[in-house]
Amino acid sequence: MGLLPKYQLPIDFRLMQGLNRQEEMAKGAQAPEDKRRLSSCSAMENADSSPLKRFPLGLDETTEEEYASQSTLLQDFASIPTIDKAWTFTSTSGSQCMFSVSQPNLLANKNRKYILSSHISKGSTNDVSFQWDAFPIETSSGSIMVPSPSGSKLLVVRNPENDSPTKFEIWGPSRVEKEFHVPLSAHGSVYSDGWFEGISWNDDENFIAYVAEEPAPSKSVFTHLGYKKGNSTDKECGSWKGQGDWEEDWGETYPGKREPAIFVIDVNSGEVHPVEGTRKLSVGQVVWAPASGGLQQYLVFVGWPSDTRKLGIKYCYNRPCALYAVRSPFSKSEDHKSGTNASEEAFPVKLTQRISSAFFPRFSPDGKALVFLSAKSSVDSWVHSATQSLHRIAWSLDVKPSPDADIVDVVPVVMCPEDGCFPGLYCFNLLTKPWLSDGYTMILSSVWGSTEVILSVNVLSGKVSSISPENSNFSWSVLALDGNNIVAVCSSPTDVPEIKYGSLVVKSSAEASWSWLDISSPIYRCSEKVISLLSSRQFSIIKIPVRDDSGNLTKGAGNPYEAIFVSSKSKSHNLCDPLIVVLHGGPHFISLSSFSKSLAFLSSIGYSLLIVNYRGSLGFGEEALQSLPGKIGSQDVNDVLAAIDHVVNMGLADPAKIAVLGGSHGGFLTTHLIGQAPDKFAAAATRNPVCSLPLMVGTADIPDWCYAETFGKQGKSMYTEAPSSEHLAVFHSKSPISHISKVKTPILFLLGAKDLRVPICTGLQYARALKEKGTEVKVLVFREDNHAIDRPQSDFESFLNIGVWFKKHCK
């Protein structure tokens, strides 16, 4: 069994408490009346010698022992590193691969980041080995690294702390060749969030375009005499600065961050120029367009309208956006010859007039095509994430960008995939250079059911092929391309990630396949205990038939959905381990068959996991996804209950030992389930749950989400910042809090105090109402965390408490 003896709980928790007290008294502990005579003063002066055993708040001896034992194992899991990015370089000595790695630093409460490089050695027969550097090189947590196109230079950006400038360092093979300091008067921090983020070298490696915060606006200055006219130094004695006007931001993870703007730095001189003409746009993902003769150099970027109401953008693909082209501020001009107005030349040209969403722009190697992803299904339907599409527009090196470009559909939205066939694109990122040497084949990672796969896409024909192993339920993700080879990582719920090297094997002019080699790596090494525990676990992907007799479902909505089941390879006395039902947020998101340190920890302490991808999840086609809006709190809840009944009927779970865990919309489902099925669950735990839609619609950064998911297709036209009493009544009927009178399941709440997506008030209201009716409730509030609760200490404490809570109630 995966459960070690020291993780087993006593049969009766309360009985053991009583036995412990009797044992203490039998060993000579003071009688209760003697204990009462101890003054608080003497107890504080000599706590160690006091006969009273002291425990942290909320703990007793048994629970403290459980915390101690589980935390040791959780540390082993938490210390496993993660590869964030990878780059490859080609030189006379062969290929080099550089990995950017992060590892939680619990004491510092931040992620330690470092670089580890390896030389790729290729033998005469398809043998490939990586010769790793002896030690990694640690990098500062605020730094960003971007190699130049040739790989001969490395840009390192160090974002400012307090009032310091932003530092740009240009590294050569052995030293820093240039260093420039950009003051706050020019711009603030460079964006590195993965959404607005964009740092791009031009082909000549003379200029770098990037996205940074606009400089801070000036504020009113006051002294003891009142308002002071004119300019004033920041730290002038005897004065203070006014608070300034309120500026709307982009919500969750963006509070306090100023508007993203584009800047270009001259690598030789350090001169920095802003890109003009984007005042009504929030901009990001900037790339250099191919240039002809070096005269007209254009930048292509993504722009989101920012002159109207800003709704939360993190994880939300339903915000309208477009591709724009603008001439570089350093570009040579022949305006005086052509008579063109310079101000008109500086104004961005909207390239994607005919489509509501365009992002992740990438130019083909020959510079004749601009390819991009679109989330038009999300924008048009208002759901925060949906099936994507891939498009292409022609690009000319000699003609100015045109707003009338013809947009070609390369990979359209898939509505209802046939069984086992391509379900559509669900891509969260693209490589900077995603092309094979033929110039028209893109390599990318995408969701396919409950797995992540590597796809090749022919951008001329639109043909899509899965090139990761077809017989694998593991999840695969591309890290970098090495010529026509792929550096990838694969993992499963029971297998720590491994680096793989893929090579194209051409069997004939019409037939080719990919060969994948295992690469030995020091990055994912973990403790022997972790290896042993994971080796005792197994997983499978189970198809769950839809349990819906309404008769009016679309074909896609009637297809089976999936759940990932993780369990021990062997049963003890033919008994099933307790089951944790794991529910993702979104709801239009996905739980993948990839390695999760937190879930692997829970599995390793003796639980089976049922990770449900209910209808509405990504990866199953647009019809299945769009079946959920308007039916939250019913269809998704019934899908989870059907999945539980399915594994119980298969003999894989004991119906008396089931717990449920979910965050965000998964928390919405968790609190709905314990209200709608109050006798089904022994325990529950939830992270930043959606408990009350009427409260959330007035406080969240995404009030539109409440309308889209509650009212479905009509939600977009019904949306208002001032909900009517009728709307609020419907919101309440769809909310978990409407079922609170039936709840009796012990529940643990984990809440981020700085959460803007699902503000803390919604979870606290629900928890207080449960306490009011006598339900067992525990609440942990992480003061500095937002919706993700992903700071290392917070994440560690969250899953330690979840493990102990479930052990208390499910064993």
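All of the points below concern the structure found in this document.

Thresholds applied
- Residues numbered from 1 in each chain as written.
- Predicted model: local features only at pLDDT ≥ 70, side-chain atom pairs only at ≥ 80, totals over all residues.
- Heavy atoms only, no water.
- Pairing = 2+ DSSP bridges.
- Helix = DSSP H or I, 4+ residues; strand = E, 2+ residues; numbered from the N terminus.
- Expected span 1.5 Å × (residues − 1).
- Buried < 20%, exposed > 50% of the residue type's maximum accessible area, 1.4 Å probe, protein only.
- Phe/Tyr/Trp six-rings, centres within 6.5 Å; stacked < 30°, edge-to-face > 60°.
- Lys NZ or Arg CZ within 6 Å of the ring centre and 35° of its normal.
- Contact = heavy atoms within 4.5 Å.
- Axes fitted to C-alpha atoms, helices over the stretch in contact; angles between N-to-C directions.
- Parallel < 35°, antiparallel > 145°, perpendicular 65-115°, else oblique.
- Nonpolar A, V, L, I, M, F, W, Y, C, P; charged D, E, K, R; others polar.
- Polar contact = N/O pair within 3.5 Å; in protein donor to acceptor, adjacent residues only side chain to side chain.
- Salt bridge = Lys/Arg side-chain N within 4 Å of Asp/Glu carboxyl O.

A few words now on the sheet that holds strand β17 (residues 281-288). Across the sheet, which stays open at both edges, the 4 strands sit in the order β17-β18-β19-β20 with antiparallel pairing between neighbours. With partners counted over all chains shown, the strands left at the sheet margins are β17 and β20 (349-350), one partner each. Bridge analysis of strand β18 (residues 298-305) against strand β19 (residues 322-327) gives 6 bridges, and the strand direction is antiparallel. Note that in β19 the partner of Tyr298 across the bridge is Arg327.

Bringing helix α13 (residues 665-676) into the picture now. Between its first and last C-alpha atoms α13 spans 16 Å; for 12 residues at 1.5 Å apiece the expected length is 16 Å, and the two agree. If you check which residues of α13 are buried, you get His665, Gly666, Gly667, Phe668, Leu669, Thr670, Thr671, His672, Leu673, Ile674 and Gly675.

What follows covers the packing of aromatic side chains. Inspection of the entire model under this criterion finds 35 aromatic pairs. With centroids separated by 4.9 Å and ring planes inclined at 50°, the aromatic side chains of Phe168 and Tyr210 adopt a geometry described as tilted. Placement of Phe168 in strand β8 (residues 166-171) and of Tyr210 in strand β11 (residues 207-213) is noted, with a sequence separation of 42 residues between them. Overall, the relative accessible area of 1% leaves Phe168 in the buried class. Owing to a relative accessible area of 0%, Tyr210 belongs among the buried residues under this scheme. Here Tyr707 and Phe731 contribute two aromatic rings whose centre-to-centre distance is 5.1 Å and whose plane-to-plane angle is 90°, an arrangement assigned as edge-to-face. In this pair, Tyr707 is assigned in helix α15 (residues 703-711) and Phe731 in helix α17 (residues 725-733), connecting sequence segments 24 residues apart. Here the aromatic residues Tyr191, Trp195, Phe196, Trp250, Tyr254, Trp304, Tyr317, Phe359 and Phe360 are joined through ring pairs into a cluster of three or more. The side chain of Lys257 reaches across the aromatic face of Tyr191, ending 4.6 Å from its centre. The lysine or arginine in question, Lys314, covers the ring of Tyr315, its NZ or CZ lying 5.6 Å from the ring centre.

One can find Phe668 in helix α13. Residue Phe668 is classed as buried on the basis of its relative accessible area of 0%. Residues Phe668 and Pro587 lie 81 residues apart in sequence; the distance between their C-alpha atoms is 9.5 Å. When neighbours within four sequence positions are excluded, Phe668 is seen to be in contact with Ile632, Gly633, Asp636, Pro689, Val690, Leu693, Lys734, Ser735 and Pro736.

A few words now on the packing of helix α12 (residues 635-649) against α13. Between α12 and α13, whose axes approach to 10 Å, the crossing angle comes to 70°. As far as their axial angle goes, α13 and α12 are roughly perpendicular. In this structure, α12 uses Asp636, Val637, Val640 and Leu641 to contact α13, whose residues at the interface are His665, Phe668, Leu669, His672, Leu673 and Gln676. When its residues are assigned to classes, the contact of α12 with α13 shows 6 nonpolar, 3 polar and 1 charged.

Following the sequence through the fold, His809 ends up in helix α19 (residues 792-810). Side-chain polar atoms of His809 contact the side chain of Glu776, separated by 3.5 Å. When neighbours within four sequence positions are excluded, His809 is seen to be in contact with Ala682, Ala683, Pro746 and Glu776.

Across the sheet, which stays open at both edges, the 4 strands sit in the order β21-β22-β23-β24 with antiparallel pairing between neighbours. Both edges of this open sheet fall to β21 (359-363) and β24 (408-411), since each of them pairs with a single strand only. When strand polarity is set aside, the average angle formed by the axes of neighbouring strands in this sheet is 30°. In this structure, strand β23 (residues 389-394) lies alongside β24, joined through 3 bridges in antiparallel fashion. If you follow Leu390 over to β24, its bridge partner there is Val411.

Side chains that carry opposite charge are capable of pairing whenever their charged atoms lie near each other. Across all of its chains, the model carries 26 salt bridges by this definition. Notably, a salt bridge pairs Arg309 with Glu721, separated by 2.7 Å at the nearest N-O pair. On the criterion of sequence distance, the pair formed by Arg309 in the loop between β18 and β19 and Glu721 in the loop between α16 (715-718) and α17 is long-range, its members being 412 residues apart. Close ionic contact of Glu498 with Lys500 constitutes a salt bridge, the shortest N to O distance being 3.3 Å. In the salt-bridge network here, residues are joined through shared partners; they are Glu248, Arg309 and Glu721.

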